[in-house]
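Here's the letter readout for the chains.
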Amino acid sequence: MFESGAGGDFSTFVGAATGAIYRLDLGKVHYQKLPEASLLADAQKKEGSLSRMPEEVRCKGCGTVFSASTIPVDGEEVIEAYEL
């Protein structure tokens, strides 16, 4: 997932339709005063709905929504993501 740090501050979302990962640049939200909803509009239209990670982790098996405040990292994996 994406985390705040030297590379920037981001919020991470997962699309319901495709499972694609989207990251929202919080600098655009906070410093450029752009509404989060407008930055996510295209992704939300494409996906139907977006889940905010790690606040809304949905179990693929039972559909239960879990929440996490921190996620331990035991390694890194390169993934394709879209920056909004």
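The shown structure was predicted, so the numbers you read here are calculated from the model rather than taken from an experiment. (Residues numbered from 1 in each chain as written. Predicted model: local features only at pLDDT ≥ 70, side-chain atom pairs only at ≥ 80, totals over all residues. Heavy atoms only, no water.)

Trainee: Where do I start with the side chain of Asp25 in this structure?
Mentor: With respect to the helices, strands and loops of the structure, Asp25 is situated in strand β2 (residues 21-25). Here Asp25 sits buried without a salt bridge, and the closest side chain of opposite charge, Lys28, lies 5.0 Å off (N-O distance). Among the polar contacts listed, one links the side chain of Asp25 to the backbone nitrogen of Gly27, at a separation of 2.8 Å. (Helix = DSSP H or I, 4+ residues; strand = E, 2+ residues; numbered from the N terminus. Buried < 20%, exposed > 50% of the residue type's maximum accessible area, 1.4 Å probe, protein only. Lys, Arg positive; Asp, Glu negative; His and termini not counted. Salt bridge = Lys/Arg side-chain N within 4 Å of Asp/Glu carboxyl O. Polar contact = N/O pair within 3.5 Å; in protein donor to acceptor, adjacent residues only side chain to side chain.)

Trainee: Can you help me understand the layout of surface pockets in this one?
Mentor: A water-sized probe rolled over the atoms picks out the places where empty space is left. Looking at the second largest pocket, its volume works out to about 290 Å³. As for the second largest pocket, its lining consists of Val14, Gly15, Ala16, Gly19, Ser51, Met53, Glu56, Arg58 and Lys60. Residue assignment for the lining of the second largest pocket shows that the elements contributing at least two residues are β1 (10-15) and β3 (50-53). Residue composition of the lining of the second largest pocket, by class: three nonpolar, three polar and three charged. (1 Å grid on protein atoms, 1.4 Å probe; cavity = no way out; pocket = protein on both sides within 12 Å on 5 of 7 lines; lining within 4 Å. Points joined across faces, edges and corners; volume = space filled by probe spheres on them. Nonpolar A, V, L, I, M, F, W, Y, C, P; charged D, E, K, R; others polar.)

Trainee: Can you help me understand the pairing of β2 in this one?
Mentor: β2 sits mainly inside the fold: four of its five residues count as buried. Relative to β2, β1 is paired through five bridges, and the arrangement is antiparallel. The residue bridging Phe13 from the neighbouring strand is Tyr22, located in β2. Where β1 hands over to β2, the hairpin turn is made up of five residues, of which Gly19 adopts a positive phi near 80°. One ladder, built from three bridges, connects β2 with strand β6 (residues 81-83); its direction is parallel. Following the sheet pairing, Arg23 is matched in β6 by Glu83. (Pairing = 2+ DSSP bridges.)

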